[in-house]
Amino acid sequence: MKGSLLYEGKAKKVYTTDQPQQLILSYKNDATAFNGKKKDAFEGKGRLNNLITSKVFEYLHQHDINSHFIQSLNDTEQLVHQTTIVPLEVVVRNVAAGSITRRLGIEERTPFTPPIVELFYKNDELNDPILNDAHAYHLTDVTESELMQIKGMALEVNEQLKALFKDVGLQLVDFKLEFGRVEDGSIVLADEISPDTCRLWDIETGDKMDKDVFRENIGNLIETYENILQRLEAYTCAK
Ligand code: TMP
């Protein structure tokens, strides 16, 4: 049963439940970019990101990745284990796009082998600055071994998701993960994995099929996200 509103973020609301260590994530239709400077709302976006994230976390669960995800409840809501979020955004990049092209002058579409893992500090006031490991130890309570575990999990998620998306004709360019601590202190994958938090390019056409259609005004967000969901549904039905 849904309890009271605990927290509202840019893309989701978090509610308590009648179970002490379980929460409901409710996906909103709002879209923001550039730390909230660009804003809009798209009817149906919350449903698409909830259903896509649910498919992705179910796939990762089948591939032995520990996460907060329990189950999808309805079109826009999912049940998760309560975690204390580690305030780091862990980005894995297989191909250059987005901020790394601007920050380091690397041409878009340049491949990275091996993939690059970056840490950002989850802090809107500071505009989510990039961090090194020493900064992360100073600013958060992660230990050296936990950070190694987090980066290892991020690279494992990358391998699993590269394979999943390749099977549905998409190149996984980059993505952002968040991790949280459950009651016993162990670290699990948390938050969402959706076209809001990944860059996905169509393998045949090279078309951008993620939130960059909104960031760069180059396409219809709902049609794009619907296409991603349909590909994942066709894949999971075929398995
Ligand atoms: P970036 O190129 O803007 O650093 O983004 C890297 C990846 O992280 C991209 O797939 C989009 C995702 N991302 C988020 O999920 N949330 C954010 O706040 C930002 C900046 C990026």
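Conventions and cut-offs
Residues numbered from 1 in each chain as written. Predicted model: local features only at pLDDT ≥ 70, side-chain atom pairs only at ≥ 80, totals over all residues. Heavy atoms only, no water. UniProt positions renumbered as here; feature names shortened; annotations may be inferred. Helix = DSSP H or I, 4+ residues; strand = E, 2+ residues; numbered from the N terminus. Expected span 1.5 Å × (residues − 1). Buried < 20%, exposed > 50% of the residue type's maximum accessible area, 1.4 Å probe, protein only. Arc of directions from axis to C-beta. Contact = heavy atoms within 4.5 Å. Polar contact = N/O pair within 3.5 Å; in protein donor to acceptor, adjacent residues only side chain to side chain. Near = heavy atom within 4 Å. Areas by Shrake-Rupley, 256 points an atom, 1.4 Å probe, with all protein chains shown as cover. Nonpolar A, V, L, I, M, F, W, Y, C, P; charged D, E, K, R; others polar. Pairing = 2+ DSSP bridges. Axes fitted to C-alpha atoms, helices over the stretch in contact; angles between N-to-C directions. Parallel < 35°, antiparallel > 145°, perpendicular 65-115°, else oblique. Left-handed = near helix turned anticlockwise from the far one by under 90°. Core = buried A, V, L, I, M, F, W, Y, C linked by side-chain atoms within 4.5 Å. Phe/Tyr/Trp six-rings, centres within 6.5 Å; stacked < 30°, edge-to-face > 60°. Lys NZ or Arg CZ within 6 Å of the ring centre and 35° of its normal.

### Here we look at the UniProt feature "domain: SAICAR synthetase/ADE2 N-terminal" (unreviewed entry) in the chain
Here, UniProt's "domain: SAICAR synthetase/ADE2 N-terminal" (unreviewed entry) annotation points to residues 5-231. Split by type, residues 5-231 is 31% helix and 34% strand. Its first and last C-alpha atoms lie 33 Å apart.

### Brief notes about helix α6 (residues 221-238)
With 18 residues, α6 extends 26 Å from end C-alpha to end C-alpha; this agrees with the ideal 26 Å at 1.5 Å per step. Buried within α6 we find Leu 221, Thr 224, Tyr 225, Ile 228, Leu 229, Leu 232 and Tyr 235. Around the axis of α6, the buried residues are gathered within 135 degrees of arc, so they sit on the same side. Relative to its buried face, α6 has exposed residues pointing more than 90 degrees away, namely Glu 223, Cys 237 and Ala 238. The elements touched by buried residues of α6 are α1 (45-62), α4 (144-167), β12 (170-181), β14 (198-202) and α5 (212-215). One side-chain oxygen at the N-terminal end of α6 lies 3.0 Å from the backbone nitrogen of Ile 222; it belongs to Asn 220.

### What to know about the site of the ligand
For the ligand, the set of nearby residues contains 14 residues, the closest of which are Arg 93, Ser 99, Asp 174, Lys 176 and Arg 199. At a separation of 2.5 Å, an oxygen atom of the ligand approaches a polar side-chain atom of Asp 174. Its free accessible area being 450 Å², the ligand has 79% of it covered by the protein chains. Every element with two or more residues in the shell around the ligand is listed here: β9 (88-95), β12 and β14. Of the residues assigned to the shell around the ligand, the class counts are 4 nonpolar, 3 polar and 7 charged.

### Topic: the sheet that holds strand β7 (residues 77-81)
Here we have 5 strands laid out as an open sheet, ordered β1-β2-β3-β7-β6, and antiparallel in their pairing. Each end of this open sheet is capped by a strand with a single partner; those strands are β1 (2-8) and β6 (69-72). Between one strand axis and the next, the sheet turns by 30 degrees as a mean value, whatever way the strands run. Alignment of strand β2 (residues 12-17) against strand β3 (residues 22-27), held across 5 bridges, turns out to be antiparallel. Its bridge partner lying in β3, Lys 12 is registered against Tyr 27. Contacting β3, β6 and β7, α1 runs over the sheet at an angle of about 130 degrees to β6.

### Re the packing of α1 against α4
Closest axis-to-axis distance for the α1/α4 pair is 11 Å, and the angle between their directions is 120 degrees. Considered as vectors, α1 and α4 are oriented oblique to each other. In the packing of α1 onto α4, the handedness of the crossing is right-handed. For the pair α1 and α4, the contacting residues are Val 56, Tyr 59 and Leu 60 in the first and Val 157, Gln 160, Leu 161, Ala 163, Leu 164 and Phe 165 in the second. Classifying every residue of the contact of α1 with α4 gives 8 nonpolar, 1 polar and no charged.

### Observations regarding α4
An α-helical turn contains 3.6 residues, so any two residues separated by three or four positions project in the same direction. With 24 residues, α4 should cover 34 Å at 1.5 Å per step; its first-to-last C-alpha distance of 35 Å lies within 8% of that length. Those residues of α4 not exposed but buried are Glu 146, Leu 147, Ile 150, Met 153, Ala 154, Val 157, Asn 158, Gln 160, Leu 161, Leu 164 and Phe 165.

### Some thoughts on the nonpolar core
In this structure, Leu 60, Leu 161, Phe 165, Phe 179, Leu 189 and Ile 193 are the most contacted members of the largest nonpolar core, which totals 49 residues. When residues of this core are assigned to their parent elements, the largest contribution, 8 residues, is made by α4. Here Ile 193 is in contact with Ile 52, Thr 53, Val 56, Phe 57, Leu 60, Leu 161, Leu 177 and Cys 198, once residues within four sequence places are set aside. Within the second largest apolar cluster, 5 residues are counted, among which are Val 14, Leu 25, Tyr 27 and Val 80.

### Some points on the packing of aromatic side chains
Considering all chains together, one arrives at 3 aromatic pairs under this definition. Measuring from centroid to centroid gives 5.7 Å for Phe 42 and Phe 214, while their planes differ by 85 degrees, and the two rings are edge-to-face. Taken together, the residues span a long stretch of sequence, with Phe 42 in the loop between β5 (38-41) and α1 and Phe 214 in helix α5 at a distance of 172 residues. The same class applies to Phe 42 as to Phe 214, namely buried. One cation-aromatic arrangement involves Lys 2 over Tyr 15; the distance from NZ or CZ to the ring centre is 4.2 Å. Lying over the aromatic face of Trp 201, Arg 109 brings its terminal NZ or CZ to 3.9 Å of the ring centre.

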